[in-house]
Amino acid sequence: MQLNFSLKKAWNDLFGKPKYIIQLLIVTVICIILELLGTVYSIKGPKFLSSIVITGYTCLIAYNIINSKEEVLENIFNNSETGKFILLVGLKAALIDAIYLVLLFLPPVFYLGLYFGFKHFPAELSTIIVMLILSPLLFYVTIFPTITFAEEFKFIDGFNFVKAFRTLKIAWKDYLLCFLIMSAILFGLFILGFISYNLFILSQNKSLNINSILSYFSHINWSFISIKLPQNILFFNFGGVISSYFGTHIVAQVYKYTLNKESKNSLKHN
């Protein structure tokens, strides 16, 4: 299978200049601080601002890639060429994501069916089944709203289903692989957070064995992926920023490829 994206290019772009790494760290630290503030004071404002920062950062990267900018990490915080500021871009993208979130919860009959269908199953198993059922929607929302919006920063493009499915048809294997890579990065960092913190706590209790670990999982109510715990906020945001950077970079590469292919096909037909 010939891939139409390169993780190596995403890696080289990030480590091309020290300031690009610093930019990534700044975004990560801002998101961590905002998430901690939102958790400590139980308010939504800082967490929403965190999503604005990360989506603005990734959308400006995607814009540079899609529009063939030579240095895709230049002008990230304030794009002088387009006059787009990271928070303004991020606000539009975050609102698009919020609308999709509402749309996902619109069909109450479907979700009531899921509830009554799985209420006799353990909560963890029900969650896994529901996530599998909703995985096509999760895939679409993860990939397309932000990337179609980032092409020209037009709000309505976030809901351009025709363009999204047209590009999906051209390179669905690439998009699926991009989604799996993003998920693997995020999940890998979640596991790293669990190993570095939770296993340390278990070892202090002198009961570190497979039975105690399984027992721990059954009693923590899935706290190893809960973003209410400070250590998990740290790894969630670090993993989220890393996953968002690499995911956005490779998805934007694929999207650019599909646009170029569409353009060539239209020229042939003309």
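J.: Before we move on, could you go through the environment of Asn-78 and cite the residues and values that matter?
T.: Looking at where Asn-78 falls in the secondary structure, it is placed in strand β1 (residues 78-79). Sequence spacing of Asn-78 and Leu-88 is ten residues, and the spatial spacing of their C-alpha atoms is 9.8 Å. Every residue in contact with Asn-78, bar those within four places of it in the chain, is listed here: Lys-84 and Phe-85.

J.: Pulling in residues and values, what's your account of unusual backbone geometry?
T.: The phi dihedral of Ser-68 falls on the positive side, at around 60°, and the residue is not glycine. Structurally, Ser-68 can be placed in the loop between α3 (45-66) and β1. Not every positive phi belongs to a glycine, and Phe-153 is a case in point at roughly 60°. Inspection of the secondary structure assignment puts Phe-153 in the loop between α7 (135-150) and α8 (161-204). According to the relative accessible area criterion, Phe-153 is buried, its value standing at 4%.

J.: Tell me what's going on with the side chain of Glu-262, and back it up with residues and numbers.
T.: Take Glu-262: it is sitting in helix α10 (residues 230-269). A relative accessible area of 17% means that Glu-262 is categorised as buried. Once residues lying within four places of it in the same chain are set aside, the contact partners of Glu-262 are Arg-166 and Ile-170.

J.: Lay out α7 with the relevant residues and their values.
T.: Helix length check: α7, at 16 residues, gives a terminal C-alpha distance of 23 Å against a target of 22 Å (1.5 Å per residue), a fit within 8%. The largest bend in α7 comes to about 30°, at Val-141, with the proline Pro-145 one to four residues further on. Along α7, the residues classified as buried are Phe-139, Tyr-140, Val-141, Ile-143, Phe-144, Pro-145, Thr-146, Ile-147, Thr-148, Phe-149 and Ala-150.

J.: Give me the lowdown on the environment of Thr-248, citing residues and values where you can.
T.: Along the polypeptide, Thr-248 turns up in helix α10. Between the C-alpha atom of Thr-248 and that of Leu-60, which follows or precedes it by 188 residues, the distance is 9.9 Å. Once residues lying within four places of it in the same chain are set aside, the contact partners of Thr-248 are Thr-58, Ala-62, Ile-147 and Ser-243. Engagement of the side chain of Thr-248 in a polar contact is seen with the backbone oxygen of Ser-244, the distance being 2.6 Å.

J.: Can you tell me about the packing of α3 against α7, naming the residues and giving the values?
T.: Relative to each other, α3 and α7 sit at 60°, their axes nearing to 8 Å. The orientation of α3 with respect to α7, classified from their angle, is oblique. Crossing angle aside, the handedness with which α3 passes α7 is right-handed. Where α3 approaches α7, its residues Cys-59, Ala-62, Tyr-63 and Ile-66 are matched on the opposing element by Thr-146, Ile-147, Phe-149 and Ala-150. Taken together, the residues that form the contact of α3 with α7 break down as seven nonpolar, one polar and no charged.

J.: Which residues make up the environment of Ile-147, and what are the values?
T.: Here Ile-147 is to be found in helix α7. Spatially, the C-alpha atom of Ile-147 lies 9.0 Å from that of Ile-66, the residues being 81 residues apart in sequence. If near-sequence neighbours (up to four positions away) are discounted, Ile-147 is found in contact with Ala-62, Ile-66, Thr-248, Val-251, Ala-252 and Tyr-255.

Cut-off values and rules
- Residues numbered from 1 in each chain as written.
- Predicted model: local features only at pLDDT ≥ 70, side-chain atom pairs only at ≥ 80, totals over all residues.
- Heavy atoms only, no water.
- Helix = DSSP H or I, 4+ residues; strand = E, 2+ residues; numbered from the N terminus.
- Contact = heavy atoms within 4.5 Å.
- Buried < 20%, exposed > 50% of the residue type's maximum accessible area, 1.4 Å probe, protein only.
- Expected span 1.5 Å × (residues − 1).
- Bend = angle between axes of the 7 residues up to and from the residue.
- Polar contact = N/O pair within 3.5 Å; in protein donor to acceptor, adjacent residues only side chain to side chain.
- Axes fitted to C-alpha atoms, helices over the stretch in contact; angles between N-to-C directions.
- Parallel < 35°, antiparallel > 145°, perpendicular 65-115°, else oblique.
- Left-handed = near helix turned anticlockwise from the far one by under 90°.
- Nonpolar A, V, L, I, M, F, W, Y, C, P; charged D, E, K, R; others polar.

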